[in-house]
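Given next are the chains, with one letter for each unit.
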Number of protein chains: 4
Amino acid sequence: MKVGIINVTGYAGMELARILYRHPEVEITSVTGRSAAGQKLGDFLPHLSALDLTIVPEEDLGDVGVAFSALPQVASMETCAPLVRQGVRVVDISADFRLKNPEEYQQWYKAAHTATDLLQEAVYGLTEIYREPMRTCRLVANPGCYPTSALLALAPAVKEGIITADIIADAKSGGSGAGRGLGLMYHYSEANENVQAYGLDGHRHLPEITQELRAIAPGFQPRLTFLTHLIPMTRGILTTCYAPFVDDRFQRSKNPKAELLELYREFYRDEPFVRVVSTPPQTKHTLGNNDCVILPHLDLRTNRLMVVSVLDNLVKGAAGQAVQNMNVMCGYPETLGLESLAVYP
Amino acid sequence: MKVGIINVTGYAGMELARILYRHPEVEITSVTGRSAAGQKLGDFLPHLSALDLTIVPEEDLGDVGVAFSALPQVASMETCAPLVRQGVRVVDISADFRLKNPEEYQQWYKAAHTATDLLQEAVYGLTEIYREPMRTCRLVANPGCYPTSALLALAPAVKEGIITADIIADAKSGGSGAGRGLGLMYHYSEANENVQAYGLDGHRHLPEITQELRAIAPGFQPRLTFLTHLIPMTRGILTTCYAPFVDDRFQRSKNPKAELLELYREFYRDEPFVRVVSTPPQTKHTLGNNDCVILPHLDLRTNRLMVVSVLDNLVKGAAGQAVQNMNVMCGYPETLGLESLAVYP
Amino acid sequence: MKVGIINVTGYAGMELARILYRHPEVEITSVTGRSAAGQKLGDFLPHLSALDLTIVPEEDLGDVGVAFSALPQVASMETCAPLVRQGVRVVDISADFRLKNPEEYQQWYKAAHTATDLLQEAVYGLTEIYREPMRTCRLVANPGCYPTSALLALAPAVKEGIITADIIADAKSGGSGAGRGLGLMYHYSEANENVQAYGLDGHRHLPEITQELRAIAPGFQPRLTFLTHLIPMTRGILTTCYAPFVDDRFQRSKNPKAELLELYREFYRDEPFVRVVSTPPQTKHTLGNNDCVILPHLDLRTNRLMVVSVLDNLVKGAAGQAVQNMNVMCGYPETLGLESLAVYP
Amino acid sequence: MKVGIINVTGYAGMELARILYRHPEVEITSVTGRSAAGQKLGDFLPHLSALDLTIVPEEDLGDVGVAFSALPQVASMETCAPLVRQGVRVVDISADFRLKNPEEYQQWYKAAHTATDLLQEAVYGLTEIYREPMRTCRLVANPGCYPTSALLALAPAVKEGIITADIIADAKSGGSGAGRGLGLMYHYSEANENVQAYGLDGHRHLPEITQELRAIAPGFQPRLTFLTHLIPMTRGILTTCYAPFVDDRFQRSKNPKAELLELYREFYRDEPFVRVVSTPPQTKHTLGNNDCVILPHLDLRTNRLMVVSVLDNLVKGAAGQAVQNMNVMCGYPETLGLESLAVYP
């Protein structure tokens with residue numbers, strides 16, 4: 001199958017190229033870029049020189065079965081909507097089709113949604129939750145990196161009703177999540193040997209997490225505080241979630257750790273890319289691969305749930321999950337092209 | 001005044017040497033070490049070669065007015081207790097005299113306390129809180145790096161009674177806090193480009209934070225969840241604290257941000273080393289100096305307080321605060337020798 | 001084909017597991033370790049939990065067609081020699097079969113060689129140079145990471161006789177080359193934000209480079225100064241080589257850069273894993289894959305060659321090249337299982 | 001004495017502020033910036049908030065005894081020249097007054113020199129070499145970070161005539177040397193976990209090194225190859241120099257290491273900021289202080305000198321040396337305000 005990568009020059013785009021290069025059922029036939037259009041891909045991005053392609057403008061995407069958009073928001077919906085209408089299956093890595101409510105979109109992204117007709121049919125691409133509707137859809141809204149991390153950490157607890165709505169999600173991310181665009185915060189000498197919180201007035205991924213937590217457990221109204229931190233590494237997100245248990249079930253349990261672990265393991269029993277563990281996971285355990293590793297834990301002193309989840313923001317948090325979703329959409333085995341182990345150390 | 005550094009070969013010890021070297025009122029007359037005893041300080045630690053000293057065993061500490069102990073716990077109380085009884089003023093950087101309750105000490109440190117007579121008279125060395133009793137004491141229990149960070153972040157809110165006891169403190173630390181001892185978790189190739197949570201079953205700094213929060217507001221019984229994370233940098237701690245407001249005071253306020261900021265600024269009005277800010281602080285803002293920088297913030301959607309504090313774990317979190325405490329104990333100006341700006345970038 | 005990894009618990013061993021996991025023609029049937037024997041591989045190394053294997057002692061390697069040894073030197077020859085004699089094809093990643101002269105081995109490794117009969121038949125595993133004899137051999141001495149980097153940088157110039165023997169090779173390496181064993185030099189807080197030269201009295205990789213430069217151009221007697229530096233990153237080696245040109249050929253050339261580039265490109269024309277480039281390569285261009293990227297350059301002011309080469313020390317510098325060599329030995333396509341693009345950024 | 005910092009908003013400028021803040025004989029009375037003019041220094045650079053100053057435009061520098069210029073080249077000479085003519089002593093950290101030959105300046109900096117009358121009187125600010133003329137000068141051309149490192153490494157050998165002119169200087173630098181200006185090469189995700197050579201066609205610091213080597217030993221005509229590498233750290237330069245010995249003096253010596261070491265130690269005997277050592281220095285040994293640490297070594301196999309030097313590019317390589325030079329110009333003790341030990345680890 002022919003596939004195209006729209007905006008290959010960003011980090012998510014080039015990561016798509018890396019993953020799809022080893023996918024046995026697809027061929028990358030076009031890659032687009034704006035300022036770099038006309039250049040050989042390998043001249044612009046030397047590590048991709050094995051792909052003998054020229055960067056083209058978006059209008060020259062050509063005939064593809066699936067298009068991946070790694071464009072920034074707003075630009076992405078403008079490019080994706082016509083493609084979908086022409087019958088191309090699209091996985092959109094931007095935020096444009098994630099929020100179901102166009103007013104919420106406007107509020108957080110400061111732009112009017114221009115393809116509201118596609119909003120409802122777009123499937124939110126958290127594969128573990130939306131696998132079934134995805135099989136027949138034509139547009140996948142690939143989740144944000146932080147929401148993937150937070151939702152996979154919280155889904156079992158919310159679904160099983162063991163926690164209250166008072167959730168704190170404290171996320172730590174490497175710099176690649178912010179993309180290849182320059183900024184003082186991401187200037188090497190500023191970001192190295194440094195850590196800071198950012199987005200304190202509300203990160204755009206917050207409404208996405210809230211929307212999906214509600215969907216997991218109808219009636220659940222999360223009172224979520226979500227805070228992100230930039231730490232000095234390139235790839236990886238670790239999210240720590242905290243929430244009170246609804247009752248004293250675990251305090252009464254003879255083996256609360258095992259009981260909690262079993263609840264999580266049951267939830268993700270057949271998932272190829274979610275691993276529930278009993279020792280602290282490290283982002284390095286997922287570097288370069290599509291895994292999300294989750295440790296559920298309990299603080300019996302305070303009767304709170306603590307969950308730690310890790311993933312590679314460019315893989316399970318972006319390009320890897322996009323390929324996983326393409327596999328589901330197209331009827332390929334879900335793990336095809338994604339079988340790699342983490343690059344460790 | 002002559003001062004001695006016990007266990008100069010650890011990170012806190014060598015940081016004491018760095019700071020005291022520029023202190024105009026003291027002279028470092030002895031530095032001790034165990035395995036390195038007999039070596040020239042500059043041969044063992046080349047960056048200290050300007051200090052023309054030989055590392056001696058502890059028993060050769062000699063005649064000093066103040067001794068700083070940077071020994072590990074247990075070893076520290078065994079060395080410090082006799083010194084105090086001989087009339088030497090001691091600042092103990094270890095955990096040995098921090099917990100007032102010897103049973104709690106035993107529970108967390110797995111050792112019986114051997115100097116319980118000194119436990120009550122030891123002053124907990126969070127200078128901003130215990131400045132007055134410190135002026136006349138002979139033994140200071142220098143706080144842990146995490147507790148300094150968490151307590152300074154929470155003290156105003158707890159003291160003023162604006163938050164409930166349901167506190168989450170999520171801390172991120174560089175590797176130097178774990179010291180110079182080798183371990184796989186701190187092996188470069190493992191710790192670089194990686195983040196992980198650790199101490200999930202309870203970090204030893206938890207009871208210290210709890211004890212001191214109770215002292216700040218008698219009757220306050222914190223239900224604290226405290227979790228630490230190792231991030232890939234050498235120095236620095238950023239702690240993010242979350243707690244519900246007790247009432248809707250800030251939701252009713254016309255200018256809640258300013259009101260919260262003013263509350264924090266008032267609390268730390270005359271403090272030379274605590275800076276309350278209105279934009280996100282970075283650990284790099286405190287690299288190598290004795291500052292703790294604090295951002296109080298509020299999440300109005302959920303009516304929660306969020307506080308971010310940063311400091312250099314080896315300075316305000318260890319050696320710098322120890323010198324600050326020595327200054328108070330000895331009647332020097334509190335900032336003497338500590339006037340440096342951060343090493344930025 | 002069944003393969004075994006001897007000493008999977010080191011960095012080269014676990015990297016072999018990562019690469020072989022995606023190799024379509026082999027199955028990893030056994031992995032050995034000493035202190036970890038008896039443990040599930042995924043319990044000891046969580047990122048390898050997809051491999052459902054138990055770590056066994058070396059004597060339980062079992063029936064395999066190819067064995068990879070990632071043991072330290074001395075231990076490796078003691079384990080590999082009997083395997084070779086039993087008919088198992090062996091790729092030895094240690095240094096034990098690299099130096100043809102057992103006295104030189106003894107001099108540099110401070111141990112008598114115990115399998116001198118195999119020394120001569122072992123093929124030095126720099127695939128680009130020794131591909132032909134490798135096809136029929138039973139023992140490959142996989143090159144060191146630094147020698148791979150330096151030899152691929154220098155081979156065209158030495159072979160074509162354009163430089164004198166006065167060679168300087170200045171190498172910069174990440175910490176993973178030193179392995180997983182603990183040491184103060186590799187303690188995170190020491191290695192981070194730091195760079196140092198090491199091995200000034202002679203690095204063990206020097207005789208290996210010298211031996212092979214002589215083999216490339218019989219009669220060439222290199223006067224090589226080789227110095228290594230530890231830089232704060234996990235993976236990657238960049239080696240910069242300097243040597244005077246033998247004559248003024250390039251100073252007389254109308255287009256010396258193009259002429260030099262063409263000489264290098266011709267030498268590596270059909271090589272799948274060596275890429276000759278005209279802009280400065282970065283180690284990140286090879287992170288996680290088997291490429292070596294080389295920039296030949298000239299300093300016309302001084303009439304000297306400068307060559308910069310980069311590779312991933314654990315891939316082309318160890319496990320990747322080992323798999324490349326196995327492919328050649330066993331008649332598989334040379335690139336099988338090694339087709340991946342670099343993990344960038 | 002009142003001093004002003006011109007362009008405090010760059011890394012050299014803010015480092016000047018840090019160092020001068022603790023200098024007992026000076027008071028920073030003005031700091032300038034262009035785009036940030038009008039802002040409080042502490043609002044723009046929070047780590048400098050202890051300095052209660054407002055950033056002003058250059059024309060409001062005011063009445064100062066010494067001005068430090070941390071402007072980029074060209075802009076710097078245009079600002080510095082009038083100041084010098086008005087009688088202000090100036091330390092110029094830019095490259096504008098380093099090259100004595102205005103044509104060479106034009107060739108490397110692509111701009112005509114606009115203050116050639118001051119070129120000859122400007123003293124090259126390598127304090128160890130030009131201390132005497134500096135005492136009475138009114139304009140110091142502070143050396144580049146790389147030249148400081150290379151020249152201090154080579155000066156004893158060149159002065160004593162023990163090496164030939166065939167010098168290779170291979171330098172490794174952290175990212176702060178490139179300043180605070182944004183660029184893809186210094187984007188965190190690109191620079192982290194990466195190393196690359198740059199400036200292969202000739203770095204601007206090369207003519208400066210060559211000019212000064214000639215001055216050290218009249219008649220010496222260096223054939224210097226100088227190559228720079230960007231490594232993933234913020235501060236620090238390590239330069240490795242290689243050159244053939246002129247004769248077999250050290251090969252005939254009974255104790256060549258000691259002889260070489262003694263030659264270097266003698267050269268720097270009374271220097272407060274140059275330390276000659278016998279074990280490999282680390283950039284971390286100089287983090288934040290004004291030291292340059294040098295290891296001379298010999299490769300007896302090839303009869304070559306190897307010298308490794310380390311320094312902090314923002315201190316001895318920029319702001320620290322500038323303050324050292326101010327001390328000399330103004331008759332203060334040379335070490336005043338610069339007595340700090342390295343921030344280690």
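The rules behind the values
Residues numbered from 1 in each chain as written. Chains lettered and ligands numbered in written order. Predicted model: local features only at pLDDT ≥ 70, side-chain atom pairs only at ≥ 80, totals over all residues. Heavy atoms only, no water. Helix = DSSP H or I, 4+ residues; strand = E, 2+ residues; numbered from the N terminus. Rg over C-alpha atoms; globule rule 2.2 N^0.38 Å. Buried < 20%, exposed > 50% of the residue type's maximum accessible area, 1.4 Å probe, protein only. Contact = heavy atoms within 4.5 Å. Areas by Shrake-Rupley, 256 points an atom, 1.4 Å probe, with all protein chains shown as cover. Buried area = accessible area lost by both parts, 1.4 Å probe. Salt bridge = Lys/Arg side-chain N within 4 Å of Asp/Glu carboxyl O. Nonpolar A, V, L, I, M, F, W, Y, C, P; charged D, E, K, R; others polar. Expected span 1.5 Å × (residues − 1). Arc of directions from axis to C-beta. Polar contact = N/O pair within 3.5 Å; in protein donor to acceptor, adjacent residues only side chain to side chain. Least-squares fit on C-alpha atoms with pLDDT ≥ 70 in both. Pairing = 2+ DSSP bridges. Phe/Tyr/Trp six-rings, centres within 6.5 Å; stacked < 30°, edge-to-face > 60°. Core = buried A, V, L, I, M, F, W, Y, C linked by side-chain atoms within 4.5 Å. Patch = residues over 30% accessible without salt bridge, like charges linked within 9 Å, V, L, I, M, F, W, Y side chains within 5 Å. Axes fitted to C-alpha atoms, helices over the stretch in contact; angles between N-to-C directions.

Draft legend 1. Examining the overall build of chain A more closely. Broken down by element type, chain A carries 12 helices and 14 strands. For 345 residues, the compact-globule estimate of 2.2 N^0.38 gives 20 Å, and the C-alpha radius of gyration of chain A, at 20 Å, lies within 12% of that figure. With the C-alpha coordinates aligned to their principal axes, the bounding extent of chain A is approximately 65 × 45 × 40 Å. A total of 345 residues make up chain A; the buried ones form 70% of that total. Long-range contacts, defined here as pairs at least 24 residues apart, represent 69% of the contacts in chain A between residues at least 6 apart. Entry remark: accessible area of chain A is about 10800 Å², with carbon and sulfur atoms responsible for 48%.

Draft legend 2. Summary view of the interface of chain B and chain A. Contacts between the two partners involve 47 residues from chain B and, on the opposite side, 47 residues from chain A. Between chain B and chain A the total buried area reaches about 4200 Å² when both faces are included, carbon and sulfur atoms providing 56% of it. Here chain B is connected to chain A by six salt bridges. R304(B) is the salt-bridge partner of D166(A), the closest N and O atoms lying 3.1 Å from each other. When residues of the side of chain B that touches chain A are traced back to their parent elements, those giving at least two are β8 (166–173), α8 (188–191), β9 (196–198), β10 (223–230), β11 (237–244), β13 (292–299) and β14 (304–311) of chain B. Of the residues that constitute the side of chain B that touches chain A, the class distribution is 21 nonpolar, 13 polar and 13 charged.

Draft legend 3. Molecular detail of helix α11 (residues 256–267) of chain B. All names here are of chain B. Between its first and last C-alpha atoms α11 spans 17 Å; for 12 residues at 1.5 Å apiece the expected length is 16 Å, and the two agree. Three or more residues of α11 are buried, namely P256, L260, L261, L263 and Y264. Buried residues in α11, looked at end-on, bunch into an arc of 155°, giving them a common side. In this structure, the buried residues of α11 make contact with α7 (145–159), α10 (249–252), β12 (274–276), β13 and β14.

Draft legend 4. Region of interest: the interface of chain A and chain C. Counting residues at the interface gives 32 residues for chain A, matched by 32 residues for chain C. Summing both partners gives a buried area of about 2800 Å² for chain A against chain C, and 60% of it is carried by carbon and sulfur. At the junction of chain A with chain C, the criterion picks out two salt bridges. A salt bridge links E339(C) to R22(A), with the nearest nitrogen and oxygen atoms 3.3 Å apart. Here chain A and chain C share 12 residue pairs in polar contact (both at pLDDT 80 or more) between them. Ranked by residue count, the leading element in the side of chain A that touches chain C is helix α1 (residues 11–21) of chain A, at six residues. Residue composition of the side of chain A that touches chain C, by class: 15 nonpolar, eight polar and nine charged.

Draft legend 5. Quick look at the relation of the copies chain A and chain C. Overlay of chain A on chain C (RMSD 0.0 Å): rotation 180°, translation along the axis 0.0 Å. In short, the pair behaves as if placed about a two-fold rotation axis. The C-alpha atom lying nearest the rotation axis in chain A is that of E193(A); the distance is 4.1 Å. Looking at the interface residues of chain A, 100% of them are also at the interface in chain C, so both copies use one shared face.

Draft legend 6. The arrangement of the relation of the copies chain B and chain A in detail. With an RMSD of 0.0 Å, chain B superimposes on chain A once it is rotated by 180° and translated 0.0 Å along the axis. A share of 100% of the interface residues of chain B reappears at the interface of chain A, consistent with the copies meeting face to face through the same patch.

Draft legend 7. View of the sheet that holds strand β2 (residues 27–32) of chain C. Residue and element names in this part refer to chain C. In spatial order, the strands read β3-β2-β1-β4-β5-β7-β6; together these seven strands make up an open sheet with parallel pairing. Of all strands in the sheet, those bounded by a partner on one side alone are β3 (55–56) and β6 (123–124). Two elements, β2 and β3, share two bridges in a ladder whose sense is parallel. By the bridge assignment for β3, V31 is matched with I55.

Draft legend 8. Quick look at the packing of aromatic side chains. Residue and element names in this part refer to chain B. All chains considered together, the criterion is met by 22 aromatic pairs over all chains. Summarising the aromatic geometry, the rings of Y124 and Y130 are spaced 6.1 Å apart at their centres and angled 80° between planes, so their arrangement reads as edge-to-face. For the residue pair Y124 and Y130, the accessibility class agrees, reading buried in each case. Consider the rings of F245 and F250, whose centres lie 4.7 Å apart with planes at 40°: the pair is tilted. What makes F245 buried here is its relative accessible area of 5%.

Draft legend 9. Focus on the nonpolar core. Residues and elements named next belong to chain C. Counting 118 residues, the largest nonpolar core has L20, F97, I163, Y264 and M326 as the members making the most contacts within it. Of all the elements, helix α7 (residues 145–159) adds the most residues to this core, at 10 residues. Contact partners of I163, with chain neighbours within four places excluded, come to L154, A157, V158, F220, A243, P244, F245, V246 and L305.

Draft legend 10. Just helix α9 (residues 205–216) of chain A, in detail. Residue and element names in this part refer to chain A. For α9, spanning 12 residues, the distance from its first C-alpha to its last is 17 Å, which sits close to the expected 16 Å at 1.5 Å a residue. In terms of burial, α9 is largely enclosed, as 10 of its 12 residues are buried. Turning to α9, its buried residues number three or more, namely H205, L206, P207, E208, I209, T210, Q211, E212, L213 and I216.

Draft legend 11. Looking closely at a nonpolar patch on the surface. Where nonpolar side chains cluster on the molecular surface, the patch consists of L182(A), L184(A), L182(D) and L184(D) and spans about 320 Å² of accessible area. Mapping L184(A) onto the fold places it in the loop between β8 (166–173) and α8 (188–191). Here L184(A) falls in the partly exposed class, since its relative accessible area comes to 37%.

Draft legend 12. Representation of the sheet that holds strand β11 (residues 237–244) of chain D within the structure. Residue and element names in this part refer to chain D. In spatial order, the strands read β9-β10-β8-β11-β14-β13-β12; together these seven strands make up an open sheet with mixed pairing. On the outer flanks of this sheet lie β9 (196–198) and β12 (274–276), each paired with one strand and no other. Going from strand to strand, the sheet's axes swing by 25° on average, the running direction of each strand aside. For β9 and strand β10 (residues 223–230), the ladder comprises three bridges, and the chain directions are antiparallel. By the bridge assignment, Q196 is partnered in β10 with L230.

Draft legend 13. Seen up close, the environment of F226(A). Residues and elements named next belong to chain A. With respect to the helices and strands, F226 occurs in strand β10 (residues 223–230). Residue class for F226 comes out buried when judged on its relative accessible area of 3%. Residues F226 and D201, 25 residues apart in the sequence, show an inter-C-alpha distance of 9.9 Å. Discounting chain neighbours no more than four positions away, the residues touching F226 are Y146, A169, A171, H203, H205, L206 and I209.

These figures come from the coordinates and say nothing about function on their own.
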